[in-house]
Amino acid sequence: MHATDGSTRVHDVLEHIRMVPDQYREFTVSAPDLLRLYRIGPPLLDQLLDGGLPHDGSGNDRRFDPLDAENIGLGLSIGPRWRIMRGWSESLVRHDHLGTRSGYRVNLTAACPAPGHHGPCDFALDPALTADLAPDELCRVEPGSYAWTLAPARDPFYFPAQFNELINAATKLRFHLLPQELTSDLEFLRTTGLADCKLATAYLVQRSRELGINSRPRGGLFVSVPFPVWHGWVELHTDSGWYPADPFLLGALTRWGITDAAQWPPKRSTHGLVLPVDSSRLRVTCRAVEPATSRLRIAGVSYLKPHRRPT
Ligand SMILES: [Zn+2]
């Protein structure tokens, strides 16, 4: 990284950080932990402190906010959050090389809500989870183990020109991890231009309404391999039906230089890569001990093997 480019990026990330009011910060991270957990070492920390990085205390007792640290990582391409973003972009790139007869399998496991009871467990999924699914979309592999199949998108879908204004509005926003209190604060977005996935989704729903576009907010899993990520996006109604749109994330990944806009322009739908699911419905009961419930655990994502063609 060129020195001038580096200091510009430090300046930019600090500018965004200072847009978040101090009242939302939790100064819990020490300087040694900044290095250990977020790869922010002493030379960079000095530069950040000179630029006005918010902190509590002084000298060796300084404490920093964990969200600030993650945003610094995103802005400067370092640390764990950055690696997650790279994982997303790798999933996007690989998605186009899956082949038409493959797809994803989200593996789920159940644990008994009341272990130690007499007899074997008899698990049942939350009926609200399975109600909207095709019959073989979520299958039991063995007792307590399930596979949720996500068919790949056969062809890329690009939102047509009438969605341009909405999509361009999303790409102007800057990706910034936000404290819980700000993730639905559209006034904060309007005054700062910053958003996370949840706030960008609320904004896109509002803008759609103003532009006369039929939209609905969605939440669920972005199915990167080997682990999916909880995520939020919008679905837009087109002449060919509902399609998930994620111009905010695609715009951010492109700006960070880790996704090729020629392959994944913001107007490309992420269908085949996202699984709408309400996390509160990922639950099972054990009919041996009803009515206790427990969470279904996401064990990971794997690629579906292509079906062998009958000869
Ligand atoms: Zn049981």
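Residues numbered from 1 in each chain as written. Predicted model: local features only at pLDDT ≥ 70, side-chain atom pairs only at ≥ 80, totals over all residues.

1. Overview of the packing of helix 7 (residues 164–172) against helix 10 (residues 247–255)
A pair of packed helices can be characterised by two numbers: the angle between their axes and the separation between those axes. Where helix 7 contacts helix 10, the axes come no closer than 8 Å and their chain directions differ by 50 degrees. In terms of orientation, helix 7 and helix 10 fall into the oblique class. Crossing of helix 7 over helix 10 shows right-handed handedness. Residues Ile167, Ala170 and Thr171 of helix 7 form the contact with helix 10, whose own contacting residues are Pro247, Phe248 and Gly251. Split into classes, the residues belonging to the contact of helix 7 with helix 10 amount to four nonpolar, two polar and no charged. (Axes fitted to C-alpha atoms, helices over the stretch in contact; angles between N-to-C directions. Helix = DSSP H or I, 4+ residues; strand = E, 2+ residues; numbered from the N terminus. Parallel < 35°, antiparallel > 145°, perpendicular 65-115°, else oblique. Left-handed = near helix turned anticlockwise from the far one by under 90°. Contact = placed C-beta atoms within 7 Å. Nonpolar A, V, L, I, M, F, W, Y, C, P; charged D, E, K, R; others polar.)

2. So, the domain arrangement of the chain
Accessible area lost upon the coming together of the parts is a frequently used measure of interface size. Under the domain assignment, the chain is made up of domain 1 (3–77) and domain 2 (80–311). Residue-level contacts link 10 residues of domain 1 with 12 residues of domain 2. Here the element with the most residues in the side of domain 1 that touches domain 2 is helix 4 (residues 66–76); it accounts for five residues. Counted by class, the side of domain 1 that touches domain 2 contains five nonpolar, four polar and one charged residues. (Domains from an automatic or database assignment.)

3. Quick word on the pairing of strand 5 (residues 138–142)
A regular strand carries its side chains on alternate faces of the sheet. With zero of its five residues buried, strand 5 lies for the most part at the surface. In terms of strand pairing, strand 5 meets strand 6 (residues 145–150) through four bridges, oriented antiparallel. If you follow leucine 138 over to strand 6, its bridge partner there is tryptophan 148. Hairpin connection, strand 5 to strand 6: the antiparallel pair is bridged by two residues, and glycine 144 has positive phi, about 80 degrees. (Buried ≥ 20, exposed ≤ 12 C-beta atoms within 10 Å, placed from the backbone. Pairing = 2+ DSSP bridges.)

4. Some remarks on the environment of serine 208
Within the secondary structure, serine 208 is located in helix 9 (residues 197–211). Counting along the chain gives 105 residues from serine 208 to glycine 103, while the straight-line C-alpha distance between them is 31 Å. Every residue in contact with serine 208, bar those within four places of it in the chain, is listed here: Leu166, Ile213, Ser215 and Leu236.

5. Let's talk about the sheet that holds strand 12 (residues 274–276)
Read from one edge of the open sheet, four strands run 11-10-9-12, paired in antiparallel fashion. In this open sheet, the two edge strands, each paired with only one partner strand, are strand 11 (241–245) and strand 12. Direction aside, neighbouring strands of the sheet carry axes that sit 45 degrees apart on average. Bridge count between strand 9 (residues 215–222) and strand 10 (residues 229–238): eight bridges; the pairing is antiparallel.

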